[in-house]
Amino acid sequence: DAGVIQSPRHEVTEMGQEVTLRCKPISGHDYLFWYRQTMMRGLELLIYFNNNVPIDDSGMPEDRFSAKMPNASFSTLKIQPSEPRDSAVYFCASSTTPLAYEQYFGPGTRLTVT
Amino acid sequence: GNSVTQMEGPVTLSEEAFLTINCTYTATGYPSLFWYVQYPGEGLQLLLKATKADDKGSNKGFEATYRKETTSFHLEKGSVQVSDSAVYFCALTGGFKTIFGAGTRLFVKA
């Protein structure tokens, strides 16, 4: 079975541009998580969904960030406009259990904003 | 609130050395505890877990015991290999979120 799939793996963009990161969770998983990893702040939970519905977006840094999950097999994280401080590795993870046990992570998208 | 504190790295060991990475937690209720490992260029992978006090999680020669009295979940391995070089994250799940520690980078020299 395929794991969590993320695209693109690397993204380089200029400040002010819109960036869209994509995630396909493991089939049958009903929880989806977006994380951001930086050297300074470690691994931060941005938002998570249950059955395609956003449950907790308190980790989303500001209004420039938005996330959607139009169906059970696809989610996007959008940054508009992007800023250099958004440079990080963004991970998507999925899970089948209600308390987020045993999350399965994708390989991540390394975003560089110049 | 819930939190996880793990020892700062990097930890550098020679092959076949004994490994301990300390992890302590603060939590209300009865969380489940995890160790995840992240190899270069990859996402985190679950290494082992323990869901209640005194449980021992184990996998690939790594072990950790859920100690409620000391609120600890230290990771150990008797003989490390070069291939164990990675970043190790302690984590807990309580309520609706998983809280990750800052990560400890391990280098194993041949």
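If you're wondering where the values come from, they're calculated on a predicted model, not measured in any experiment.

**Comments concerning the interface of chain A and chain B**
Point 1. The interface is formed by 17 residues belonging to chain A together with 18 residues belonging to chain B.
Point 2. For the pairing of chain A and chain B, the buried interface totals around 1500 Å² over both sides, and the portion due to carbon and sulfur atoms is 55%.
Point 3. The interface formed by chain A and chain B contains 1 salt bridge.
Point 4. Joining chain A to chain B, the criterion identifies 5 residue pairs in polar contact (both at pLDDT 80 or more).
Point 5. Of all elements in the fold, only strand E4 (31–38) and strand E5 (42–50) of chain A reach the threshold of two or more residues within the side of chain A that touches chain B.
Point 6. Its residues assigned to classes, the side of chain A that touches chain B shows 10 nonpolar, 4 polar and 3 charged.

**Quick word on unusual backbone geometry**
Point 1. Cis geometry marks the peptide bond from Ser7(A) to Pro8(A), where omega comes out at -10°.
Point 2. Inspection of the secondary structure puts Pro8(A) in the loop between strand E1 (5–7) and strand E2 (10–13).
Point 3. Pro81(A) follows Gln80(A) through a cis peptide bond whose omega is -10°.
Point 4. Located in the positive-phi region is Lys60(B), a residue other than glycine, with phi close to 55°.
Point 5. Relative to the helices and strands, Lys60(B) is located in the loop between strand E7 (56–59) and strand E8 (62–65).
Point 6. The exposure class assigned to Lys60(B) is exposed, which follows from its relative accessible area of 56%.

**What about the pairing of strand E2 (residues 11–14) of chain B?**
All names here are of chain B.
Point 1. Burial along E2 is one-sided: the residues Val-11 and Leu-13 are buried and none of Thr-12 and Ser-14 is.
Point 2. Pairing of E2 with strand E12 (residues 104–109), which is carried by 4 bridges, proceeds in the parallel orientation. Paired with Val-11 across the strands is Leu-106, a residue of E12.

Conventions and cut-offs
Residues numbered from 1 in each chain as written. Chains lettered and ligands numbered in written order. Predicted model: local features only at pLDDT ≥ 70, side-chain atom pairs only at ≥ 80, totals over all residues. Heavy atoms only, no water. Contact = heavy atoms within 4.5 Å. Buried area = accessible area lost by both parts, 1.4 Å probe. Salt bridge = Lys/Arg side-chain N within 4 Å of Asp/Glu carboxyl O. Polar contact = N/O pair within 3.5 Å; in protein donor to acceptor, adjacent residues only side chain to side chain. Helix = DSSP H or I, 4+ residues; strand = E, 2+ residues; numbered from the N terminus. Nonpolar A, V, L, I, M, F, W, Y, C, P; charged D, E, K, R; others polar. Buried < 20%, exposed > 50% of the residue type's maximum accessible area, 1.4 Å probe, protein only. Pairing = 2+ DSSP bridges.

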